[in-house]
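Spelled out from the first residue to the last, the chains are:
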Amino acid sequence: MVQRVYDVCVIGAGASGGVLAGALAQAGVEVALVEGGPYRDPARLANHAWPYSRAAPQTPSVGVDAQLEPIEMHGDPIGILRARVLGGRTTHWNAVSLRFAEADFRERSWNGIEDDWPISYGELEPYYDRAERLMVVCGTRENLEALPDGQFIPPLKPRCSERILGRACQKLGLRMIPVRKALATEAGHGRAACHYCGHCMQGCEVSAIFNTAEHVLPAARKTGRLRLFSNSMARQLLLGKDGRVRSASLIHRQTRREEEVRARVFVLCCGNVESPRLWLNSRLANSHDAVGRYLHGHVTHRTMGWLSELLSSPPANQDGATDHVYIPRFRRGPHRDYAGGFGYQLNFLSYAVPHQAKHLPGYGAAFKRRVRELQPGFSMLGGFGKVVAHRDNRVTVHPRRRDAYGIPIPVVHFRWQANDLSLFRDMVATGREIYEAAGVQLLVSDDARPAGFASHEVGAMRMGVDPQNSVVNRFCQAHEVKNVFVTDGSCFTTMPEKNPTLTIVALALRTADTIVALSRRGEL
Ligand SMILES: Cc1cc2nc3c(=O)[nH]c(=O)nc-3n(C[C@H](O)[C@H](O)[C@H](O)COP(=O)(O)OP(=O)(O)OC[C@H]3O[C@@H](n4cnc5c(N)ncnc54)[C@H](O)[C@@H]3O)c2cc1C
Ligand code: SF4
């Protein structure tokens, strides 16, 4: 039997692969979409049941199976969260969707650190527009240089604690704006409107938040041009005699059945750790040892404050769509001893949990009274700061250890740089200043060490003009294997303090256009 050859094989169906495969299928391309996880119906989640009334304990979210798969970590402690489900991490993300600014693509030219991207904000702008329309992003136009405006539906409204913290920001000369999120604040966008239950990061039961498995792939499959290979891990990419990738070898996670998928073009969308892992396990060309290097993400920190103004007020339902407001990057004072900046997301921790309880002394009736008094005042600031892309921070594969499918496991090597630590200290101090200006009865801030990366890891197959220190060119096409593209966050040259996914989706849409154009010209 003659084996079918697809136009394009997309590997990974998360934010980048789901969007890319959808755009290609809609443009008339025959696509094979390979996804390591199964489809999980969000309507079957039990977020609204009390934990003690559920028949079986629910895993924290719909897509964390990959956490059970081995990974080795070296250096400073950071978390790497890999999803294994159709839709990838969009099945349980928080959907904050921020455009990078012009300066964010020009770190070398404007700030003297890292490297410039080989593309500009202007080149990505039309794709940001398309990404926002596809994802349905709420927000407001604010005319901020550091955070370009986009195509928004009406915003989320601030809650009490956010208004109080907003006034504190004003005193300090900081802006607080409605958050920008890929979340339907109103009906009429082809999906249910949000009902403010606060479970976004366990998976949205009504899919009010953007999720490629629910909002892109069903329409793509209706074209008849998208064939889905779910629950199937791509083990290796196999080269043909012409030096181009000819097929992907797959292993089914349940049946362990092996098969090959042939295509003219391959796109890696496996996420920032898994894409370099697949490349390295395939032993594809890596002449300059660039694959896996420049791994970075966000340095993060949480401060929790119980606001004096709200203490002892009647208990009120403060649930919402996790965070409703955002404090964008700002520049204050000449005392900065670092490059880059940070922003704060607010109140994305659950109101259902009395976080204060474990930080209060005592026990018995008095202790319970104090826990209750404080509860209405709960609020939190989550700082997200820039991390410098450094060559020694990298993903490799283990020479001996293999996972359950016989695939060599990934190894992550990471150390914070001096700039990251200076920025972290200022982020912690500014959080405290905001709370002092707001007035708090209890402040809890774990300042001991920075945390990373908040599942925002990027950079390990970076974009650039020089193959010595980059893996893909300005069109996300591999320098050394011309029929392979990479469009997940691993293709980022650098990252500012902004969340990565809107940019990942914009790049996926741009790459779909590139592949269609190159194919039409016979250049692929
Ligand atoms: C709790 C949480 C909150 C978040 N909040 C935000 C936020 O507010 N804003 C934001 O911008 N970002 C946020 N993120 C990050 C966001 O989810 C990711 O940036 C985004 O999903 C990355 O897209 P991706 O396509 O690169 O990877 P993923 O979405 O992870 O998709 C990768 C897919 O590839 C599959 N795969 C991997 N290897 C293979 C293989 N070898 N063969 C077959 N399939 C494979 C995986 O199963 C997975 O489905 C959050 C993430 C988490 C976990
Ligand atoms: S708050 Fe809104 S978007 Fe989040 S899980 Fe609930 S309904 Fe879905």
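Placed above this text is the structure.
Since the model is a prediction, treat every value here as computed from it, not as a measurement.

1. Quick notes on the pairing of strand β1 (residues 5–11)
Point 1. Taken across its seven residues, β1 has five buried, putting it largely inside the fold.
Point 2. For β1 and strand β10 (residues 258–268), the ladder comprises six bridges, and the chain directions are parallel. Its bridge partner lying in β10, Val10 is registered against Val267.
Point 3. Pairing of β1 with strand β2 (residues 31–34) involves four bridges; the strand directions are parallel. Among the inter-strand pairings, Ile11 is bridged to a residue of β2, identified as Val34.

2. Describing the packing of helix α4 (residues 160–172) against helix α9 (residues 418–438)
Point 1. Running from amino to carboxyl end, α4 crosses α9 at an angle of 110°, the nearest separation of the two axes being 8 Å. Relative to α9, the element α4 lies roughly perpendicular. Along the contact surface, α4 presents Ile164, Leu165, Ala168, Cys169, Lys171 and Leu172, while α9 presents Glu433, Ile434, Ala437 and Ala438.
Point 2. Of the residues belonging to the contact of α4 with α9, the class tally is eight nonpolar, no polar and two charged.

3. Here we look at the site of ligand 2
Point 1. Ligand 2 sits among 13 residues. The nearest are Cys194, Cys197, Cys200, Cys204 and Ala321.
Point 2. Residues that form the shell around ligand 2 fall into these classes: ten nonpolar, three polar and no charged.

4. Digging into helix α10 (residues 501–520)
Point 1. For α10, which comprises 20 residues, the first-to-last C-alpha distance of 29 Å matches the rise-based estimate of 28 Å (1.5 Å per residue) to within 8%.
Point 2. At the exit of α10 stands Gly522, carrying a positive phi of roughly 70°.

Definitions and cut-offs
- Residues numbered from 1 in each chain as written.
- Chains lettered and ligands numbered in written order.
- Predicted model: local features only at pLDDT ≥ 70, side-chain atom pairs only at ≥ 80, totals over all residues.
- Buried ≥ 20, exposed ≤ 12 C-beta atoms within 10 Å, placed from the backbone.
- Helix = DSSP H or I, 4+ residues; strand = E, 2+ residues; numbered from the N terminus.
- Pairing = 2+ DSSP bridges.
- Axes fitted to C-alpha atoms, helices over the stretch in contact; angles between N-to-C directions.
- Parallel < 35°, antiparallel > 145°, perpendicular 65-115°, else oblique.
- Contact = placed C-beta atoms within 7 Å.
- Nonpolar A, V, L, I, M, F, W, Y, C, P; charged D, E, K, R; others polar.
- Near = placed C-beta within 6 Å.
- Expected span 1.5 Å × (residues − 1).

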